[in-house]
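Close look at the chain arrangement
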Amino acid sequence: MVRSARERVPLKIGAEARRASGMRAEQVLAPVTEVPDDLVELGYIGDAYGIRGWIKVQPHTGDGEGLLSADCWYFRRPGESAYTKANVLHSRGHSGTVVAQLRGSENRTSAEALKGLQVWVPRSAFPSAGEDEFYWVDLIGAQVTNLQDESLGKVVGLLDNGVHTVLRVVYDIPATDGNPAKTAERLIPFVGQYVQTVDTEAGRIVADWGLDY
């Protein structure tokens, strides 16, 4: 028997509504008791993407380095200590973010339940960098000195100005007469003209950069 559209539509909507209402973050995320000791926080889930259960991840640095190479992501709510995890079915870069579908996330409702989660990936899941290539996460925290072995500060982040990467280096300014101690920031282009050596294992960068630049 051929049913009319009027008969068919309410049944379809009702079934989808019942399915969506039952989807929770717990049905997508699996609890874990042990986590890799090299987890790196790479971003957070900012929103759902589309209607088929995809999520949009806002990376902290770069273009989602590490996220696209890992087939399992770990998650944590801000302020909490417990981790969960989920397998990644699909992922790709999208306008400065990473969009992905996790196993078990099949509609927008289930994706929206994941908003706000921090996303962590084992550093060992990153593909090997080429010669003279470095991951942003490996540069953050490095101590920077100049050719005179004077301390320039510590790398707290990186910027991409469209031409090259720039190191954000924070340093302390001691108190002087009438002025309290404070911190300031140097922006050092991450190019061979200025950056002489990078030792990620030692967490040290040597740059041709003056204290008064």
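The rules behind each value
Residues numbered from 1 in each chain as written. Predicted model: local features only at pLDDT ≥ 70, side-chain atom pairs only at ≥ 80, totals over all residues. Heavy atoms only, no water. Helix = DSSP H or I, 4+ residues; strand = E, 2+ residues; numbered from the N terminus. Buried < 20%, exposed > 50% of the residue type's maximum accessible area, 1.4 Å probe, protein only. Contact = heavy atoms within 4.5 Å. Salt bridge = Lys/Arg side-chain N within 4 Å of Asp/Glu carboxyl O. Core = buried A, V, L, I, M, F, W, Y, C linked by side-chain atoms within 4.5 Å. Pairing = 2+ DSSP bridges. Phe/Tyr/Trp six-rings, centres within 6.5 Å; stacked < 30°, edge-to-face > 60°. Lys NZ or Arg CZ within 6 Å of the ring centre and 35° of its normal. Axes fitted to C-alpha atoms, helices over the stretch in contact; angles between N-to-C directions.

**Regarding the overall build of the protein**
- In terms of regular secondary structure, the protein is built from 3 helices and 13 strands.
- Relative to its full complement of 213 residues, the protein shows a buried share of 36%.
- In the protein, the share of contacts with a sequence separation of at least 24, taken over all contacts with a separation of at least 6, comes to 56%.

**Observations concerning the pattern of salt bridges**
- Per the stated rule, a full pass over the model turns up 5 salt bridges.
- Here Asp47 and Lys115 are joined by a salt bridge, their closest N and O atoms 3.8 Å apart. Residue Asp47 is located in strand β2 (residues 39-49), and its partner Lys115 is located in the loop between α2 (108-112) and β7 (118-122); the two are separated by 68 residues in the primary sequence.
- Asp47 gets classed as partly exposed once you look at its relative accessible area, which sits at 28%.

**Here we look at the environment of Glu106**
- Among the structural elements, Glu106 can be located in the loop between β6 (97-102) and α2.
- Owing to a relative accessible area of 43%, Glu106 belongs among the partly exposed residues under this scheme.
- Counting along the chain gives 55 residues from Glu106 to Ile51, while the straight-line C-alpha distance between them is 8.3 Å.

**Things to note about unusual backbone geometry**
- Backbone geometry places Asp132, a non-glycine residue, at a positive phi of 60 degrees.
- Among the structural elements, Asp132 can be located in the loop between β7 and α3 (136-139).
- Accessibility expressed as a relative area gives 66% for Asp132, which makes it exposed.
- Even without being a glycine, Asp149 presents a positive backbone phi close to 65 degrees.

**Here we look at the nonpolar core**
- By size, the foremost hydrophobic cluster in this structure holds 26 residues, and its most contacted members are Ile55, Trp73, Phe75, Leu102 and Leu114.
- The set of elements that each furnish at least two residues to this core consists of β2, β3 (54-59), β4 (72-76), β5 (84-94), β6 and β7.
- Considering every element that reaches this core, the biggest residue donor is β2, with 4 residues.
- Once residues within four sequence positions are removed from consideration, Phe75 is found in contact with Leu29, Ile45, Ala82, Tyr83, Thr84, Lys85, Ala86, Leu102, Leu117, Gln118, Val119 and Trp120.
- Listed in part, the 15 residues of the second largest apolar core include Leu139, Val144, Val155 and Val169.

**Observations concerning the pairing of strand β13 (residues 204-207)**
- With 4 bridges connecting them, strand β8 (residues 143-146) and β13 associate as parallel partners. Residue pairing across strands places Val144 opposite Ile205, the latter belonging to β13.
- What sits between strand β12 (residues 195-199) and β13 in their antiparallel hairpin is a turn of 4 residues, with Gly203 showing a positive phi close to 65 degrees.

**With respect to the pairing of β2**
- In this sheet, β7 lies alongside β2 in antiparallel orientation, the contact comprising 5 bridges. Bridge pairing in β7 links Gly43 to Val119.
- Taken together, the 6 bridges between β2 and β3 define a ladder with antiparallel strand orientation. Residue pairing across strands places Tyr49 opposite Trp54, the latter belonging to β3.

**A few points about the packing of aromatic side chains**
- Overall, the coordinates contain 6 aromatic pairs when judged by the stated rule.
- Residues Phe134 and Phe190 carry aromatic rings whose centres are separated by 6.0 Å and whose planes lie at 85 degrees to one another, so their mutual orientation is edge-to-face. Here Phe190 lies in the loop between β11 (182-189) and β12 and Phe134 lies in the loop between β7 and α3, a separation of 56 residues in the sequence.
- Ring centres of Trp209 and Tyr213 lie 5.2 Å apart, and the angle between their planes is 75 degrees; this geometry places the pair in the edge-to-face category.
- Classification of Trp209 by relative accessible area gives buried; the value is 13%.
- Ring-pair connections join several aromatic residues into one group, and the members of that group are Tyr194, Trp209 and Tyr213.
- Note that Arg186 overlies the ring of Tyr171, its terminal NZ or CZ placed 3.7 Å from the centroid.

**Thoughts on the sheet that holds β13**
- The strand order across the open sheet formed by 6 strands is β11-β10-β9-β8-β13-β12, and the pairing between neighbours is mixed. The open sheet is flanked by β11 and β12, the only strands paired with a single partner. Taken over all neighbouring pairs, the strand axes of this sheet differ in orientation by 30 degrees on average, direction set aside.
- When strand β10 (residues 165-173) meets β11, the two strands line up antiparallel, connected through 8 bridges. Across the sheet, Tyr171 pairs through a bridge with Ala184, a residue of β11.

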